[in-house]
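In case you want the letters, here they are:
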Amino acid sequence: VQLQASGGGLVQAGASLRLSCAASGTTISSYNMGWFRQAPGKEREFVAAIRRSGGYTYYADSVKGRFTISKDNAKNTVSLQMNSLEPEDTAVYYCAADRGIILSSLRRADAWDNWGQGTKVTVSS
C-alpha cells in the first residue's frame, strides 16, 4: 500500500486543520491506520489509530478530545481532524498502515509496516 499525506500548513494556536492520507495500490479496508508525528529533535510519537473495521479508535493523551481520526474505506482515505491546535502540536505528521498490528503495539512506530511521506504542521502562538 502506498500512502500520501496532505493537509498540513501554518496556523495560529486555537485553529483547526484536517489532514488526509490517501492510499493506493490496495484497499485500506483490511488495514489498521494510524497517525504519528515527529517534532524537530524528537522521536516519532503516536498520535491516533483506528482499527481496520473503523469501530475502535485510540489517541495519545496529549490529543484526546481535540483530534479525531476517521477512515473512509470507500474513498480509501484516513483523516485526522485537529481542533484547538497548540504550538506543541507542531511537527511533521505521518500516516501509517498495517494489516496485523496488535493492540499492544499500536503506539509503537516500529510496529507499523507502511508509511507515507509526512506533512508539516506548524502552530504559531
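Everything that follows concerns the structure shown earlier in this document.
About the thresholds
- Residues numbered from 1 in each chain as written.
- Predicted model: local features only at pLDDT ≥ 70, side-chain atom pairs only at ≥ 80, totals over all residues.
- Heavy atoms only, no water.
- Buried < 20%, exposed > 50% of the residue type's maximum accessible area, 1.4 Å probe, protein only.
- Helix = DSSP H or I, 4+ residues; strand = E, 2+ residues; numbered from the N terminus.
- Pairing = 2+ DSSP bridges.
- Axes fitted to C-alpha atoms, helices over the stretch in contact; angles between N-to-C directions.
- Disulfide = S-S within 2.5 Å.

A. Spatial organisation of the pairing of strand S7 (residues 67–72). Residues of S7 alternate between two faces, with Phe67, Ile69 and Lys71 buried on one and Thr68, Ser70 and Asp72 left unburied on the opposite face. Sheet topology note: the S7/strand S8 (residues 77–82) ladder contains six bridges and is antiparallel. When the bridges of S8 are listed, Phe67 appears paired with Met82. A loop of four residues connects S7 with S8, the two strands running antiparallel in sequence, and Asn76 in this loop sits at a positive phi of about 60°.

B. Structural view of the sheet that holds strand S3 (residues 17–24). Reading across the sheet, the four strands line up as S1-S3-S8-S7 and stay open at both edges, with antiparallel pairing between neighbours. At either margin of the open sheet sits one strand with a lone partner, and together these are strand S1 (2–6) and S7. Direction aside, neighbouring strands of the sheet carry axes that sit 15° apart on average. Here six bridges tie S3 to S8, and the two strands are oriented antiparallel to one another.

C. Geometry of the state of the cysteines. Across all of its chains, the model carries one disulfide by this definition. There is a disulfide in this structure between Cys21 and Cys95, and the S-S distance comes to 2.1 Å. Taking the sign of the S-S torsion, about 55° here, the bridge from Cys21 to Cys95 comes out right-handed. Here Cys21 is found in strand S3, whereas its partner Cys95 is found in strand S9 (residues 91–98), with 74 residues between them in sequence. Residue Cys21 shares its accessibility class with Cys95, and that shared class is buried.

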